[in-house]
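Each chain, written out:
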Amino acid sequence: MAVFTEVSTNEARELLRRLQLGDLVALRGIEGGIENTNYFLTSDQGEFVLTLFERLTAEQLPFYLHLMKHLAHHGMPVPDPQADQNGDILHTVCGKPAAVVNKLRGKSQLTPQPVHCAAVGTLLARMHLAGRDFDRHQPNLRGLPWWNETVPVVLPHIGPQQAALLRSELAYQNHVAASSAYAALPRGPVHADLFRDNVMFDGEELTGCFDFYFAGVDTWLFDLAVCLNDWCIDLAQGTHDADRATHMLDAYQAVRPLTAAERELLPAMLRAGALRFWISRLWDFYLPREAAMLTPHDPTHFERVLQGRIAHPVHA
């Protein structure tokens, strides 16, 4: 989350009025993340999060917002987009498409223990199953086609060893995506960005997850790999934590057992998840946008994770 577009108190007050959410008490920009403008929006009726979408279009956004509505309707602890008097959940603020959702209880667990990883595994499997009857379709916009488009853009900014690794891994992932095993992978709506800072806990209780704005239809295995690459990794070294990973995989499979094709391709999808975030962090680091509050992530972290996934494959 970040602030690219400044929202005035008058604009926030008018938005609350349109949504019948009470009178404005406080408006505070949220620092962190790199995609959208976000504010904590407090009224006399409760606490909310206001998001102004800086890259996603009004045509793309209904998928994300209605997916959250769908998951909330199925009992998932996700933000519920707030509607105006006409039932619309996509709004306009400062000329940008925008949404207001309820603020979730709890706080992020940035040093997760096995119990937290198990809770995330359970939640992810439940969300995958709950999304099976979602009637909208939009591809993962940060999937393989985007990797193929973006790698040539970032290559001039990195050294020869990094460039060789990036080219090699991209070629490998294109090869995997053309395989019959990949075609057999179960798929549906995925979160695709379920990192530690996008999940809320109260102690050991998982109270919710948010930031669905990288969601899309992709393989469920890729979504699980993204989680394993963040929750079950030593952040300082980028190395695999087997205990945390076992708890996450066991909890996930207690709800939805992996298929034979998924077990076969887990090592490849762990590499894919690392590659996806290495590319996007390189892009954000070397080609940043101006923002009032913005701290780019270190791209070398996912370079280390990718190297680890190549050198030490992890099997289900």
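Throughout, a residue's number is its position along its own chain's written sequence, starting from 1. Per-residue local features of the predicted model are confined to residues with pLDDT of at least 70, and side-chain atom pairs are confined, for both listing and counting, to 80 or more; whole-chain, interface and lining totals are unaffected and use all residues. The side-chain values count all of the structure's non-hydrogen atoms but skip hydrogen atoms and water molecules.

Concerning the overall build of the chain
Only DSSP runs of H or I reaching four residues or more are called helices, and only runs of E reaching two or more are called strands; each is numbered from the N terminus. Helices and strands together make up the secondary structure of the chain, namely 10 helices and 11 strands. When we talk radius of gyration, it's over C-alpha atoms, and the globule rule is simply 2.2 Å times the number of residues to the 0.38. Taking 316 residues into account, the globule formula puts the C-alpha radius of gyration at 20 Å, and the chain, at 19 Å, falls close to it. Whether a residue is buried, partly exposed or exposed follows from its accessible area with a 1.4 Å probe, protein chains only, as a fraction of its type maximum: under 20%, in between, or over 50%, in that order. Going through the 316 residues of the chain one by one, you find that 54% of them count as buried. Whether two residues touch is decided by their heavy atoms; if any such pair falls within 4.5 Å, the residues are in contact. Sequence-distant contacts in the chain: of pairs separated by 6 or more residues, those separated by 24 or more amount to 74%.

Re helix α10 (residues 300–311)
Residues spaced three or four apart along an α-helix point in a common direction, a consequence of the helix completing one turn every 3.6 residues. Between its terminal C-alpha atoms α10 stretches 17 Å, which fits the 16 Å expected from 12 residues at 1.5 Å a residue. Taken together, the buried positions of α10 are occupied by His301, Phe302, Glu303, Val305, Leu306 and Arg309. Contact partners of the buried residues in α10: α5 (160–177), α7 (220–231), β10 (233–234), β11 (239–240) and α9 (260–286). Here, expected helix span is obtained from the residue count minus one, scaled by 1.5 Å.

Considering the environment of Arg244
Looking at where Arg244 falls in the secondary structure, it is placed in helix α8 (residues 242–255). On a C-alpha basis, the gap between Arg244 and Gln138 in space is 32 Å, while along the polypeptide they are 106 residues apart. If we ignore the near neighbours within four places in the chain, the residues touching Arg244 are Pro112, Gln113, Pro114, Cys117, Arg196, Trp231, Cys232, Ile233 and Asp234.

Observations regarding empty space enclosed by the protein
Buried and open spaces are told apart on a 1 Å grid over the protein atoms alone, a cavity being a set of points where a 1.4 Å probe fits but cannot get out and a pocket being an open set with protein on both sides within 12 Å along at least five of seven lines. Residues with an atom within 4 Å of a point are the lining residues. Grid points are joined across faces, edges and corners, and a volume is the space filled by probe spheres set on the points. For the structure shown, the criterion picks out 2 cavities of 30 Å³ or more. Roughly 70 Å³ of internal volume is contained in the largest cavity. Surrounding the largest cavity, Leu67, Leu71, Met127, His128, Gly131, Pro189, Val190, His191, Phe212 and Asp223 form its lining. Counting residues per element, the ones that place at least two in the lining of the largest cavity are α2 (61–73), α3 (114–130) and β6 (187–190). For this classification, Asp, Glu, Lys and Arg are treated as charged, while Ala, Val, Leu, Ile, Met, Phe, Trp, Tyr, Cys and Pro are nonpolar and the rest, including Gly, are polar. Considering only residue class, the lining of the largest cavity consists of 6 nonpolar, 3 polar and 1 charged.

A look at the packing of aromatic side chains
Only centres within 6.5 Å qualify two rings of Phe, Tyr or Trp (six-membered ring in Trp) as a pair; their planes then separate them into stacked at under 30 degrees, edge-to-face at over 60, and tilted for everything else. The tally for this structure, following the rule as stated, stands at 11 aromatic pairs. With a centroid separation of 6.3 Å and an interplanar angle of 45°, the aromatic rings of Trp147 and Phe222 are classed as tilted. Residue Trp147 is found in helix α4 (residues 144–154), and its partner Phe222 is found in helix α7; the two are separated by 75 residues along the sequence. As far as burial versus exposure is concerned, Trp147 and Phe222 are alike and both buried. Ring centres 4.7 Å apart and planes at 50° place the aromatic pair Phe195 and Phe277 in the tilted group. Taken together, the positions of Phe195 in the loop between β6 and β7 (199–202) and Phe277 in helix α9 put the pair 82 residues apart, joining distant regions of the chain. We note that Phe195, like Phe277, is buried.

Here we look at the nonpolar core
Met127 and Leu166 are the most contacted members of the largest nonpolar core, which has 82 residues in total. Tallying contributions element by element places α9 first for this core, with 13 residues. When sequence neighbours within four positions are dropped, the list of residues in contact with Leu166 reads Val151, Val154, Leu155, Ile158, Leu275, Trp278, Ile279 and Leu282. The criterion is simple. A nonpolar core is a set of buried Ala, Val, Leu, Ile, Met, Phe, Trp, Tyr and Cys residues joined through side-chain atoms within 4.5 Å. In this structure, Val3, Val7, Ala12 and Leu50 belong to the second largest nonpolar core, which totals 16 residues.

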